[in-house]
Amino acid sequence: MFAALIDAVGPVRSTVITYINPAVAALLGVVVLNETLTPGMIAGFALVTLGSVLATRPPRQQADAVPAVTSTG
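Think of each chain on its own: its residues are numbered from 1, step by step along the sequence as written. Whole-chain, interface and lining totals are the exception, using all residues; otherwise, since this is a predicted model, local features are given only for residues with pLDDT of at least 70 and side-chain atom pairs are given and counted only at 80 or more. Heavy atoms from the whole structure form the basis of all side-chain values; hydrogens and water molecules are not counted.

Some details on the overall build of the protein
Phase 1 of the analysis: Segments assigned H or I by DSSP are reported as helices when at least four residues long, segments assigned E as strands when at least two residues long, and all are numbered from the N terminus. Helix and strand counts for the protein stand at four helices and zero strands.
Phase 2 of the analysis: Order of helices (α) and strands (β) in the protein, N terminus to C terminus: α-α-α-α.
Phase 3 of the analysis: Expressed as a percentage of the 73 residues in the protein, the buried residues total 10%.
Phase 4 of the analysis: Entry remark: accessible area of the protein is about 6,300 Å², with carbon and sulfur atoms responsible for 67%. When a residue's accessible area, from a 1.4 Å probe over protein chains only, is under 20% of the maximum for its type it is buried; when over 50% it is exposed; and in between it is partly exposed. Using a 1.4 Å probe, accessible areas were evaluated by the Shrake-Rupley method; residue-level cover was limited to the displayed protein chains.

Digging into a nonpolar patch on the surface
Phase 1 of the analysis: To count toward a patch, a residue needs a relative accessible area over 30% and no salt bridge; like charges are then connected within 9 Å, while nonpolar side chains (Val, Leu, Ile, Met, Phe, Trp, Tyr) are connected within 5 Å. Counted as salt bridges are all cases of a side-chain nitrogen of Lys or Arg within 4 Å of a carboxyl oxygen of Asp or Glu. A contiguous nonpolar patch, built from F2, L5, I6, V9 and I17 and spanning about 370 Å² of accessible area, is present on the exposed surface.
Phase 2 of the analysis: The dominant element in the nonpolar patch, judged by the number of residues it contributes, is helix α1 (residues 2-9), at four residues.
Phase 3 of the analysis: The residue I17 is located in helix α3 (residues 16-33) in this model.
Phase 4 of the analysis: Using a relative accessible area of 43% as the deciding quantity, one classes I17 as partly exposed.

As structure tokens, this is what we get:
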């Protein structure tokens, strides 16, 4: 399945699943196994999610360089 993911989205974007996997496992531990949800887990999940979003967003378009205006005075 991971090879199919690499084919679909590329190798760089497919590695994001390795960052999301522990966060999902922690949430499943809370939901399925009744483990304790700590503030650190919440903060970690938020940081992992934010980092994954930032890592997978399309690159910004660079503005064309504007020539400098010089005065001849």
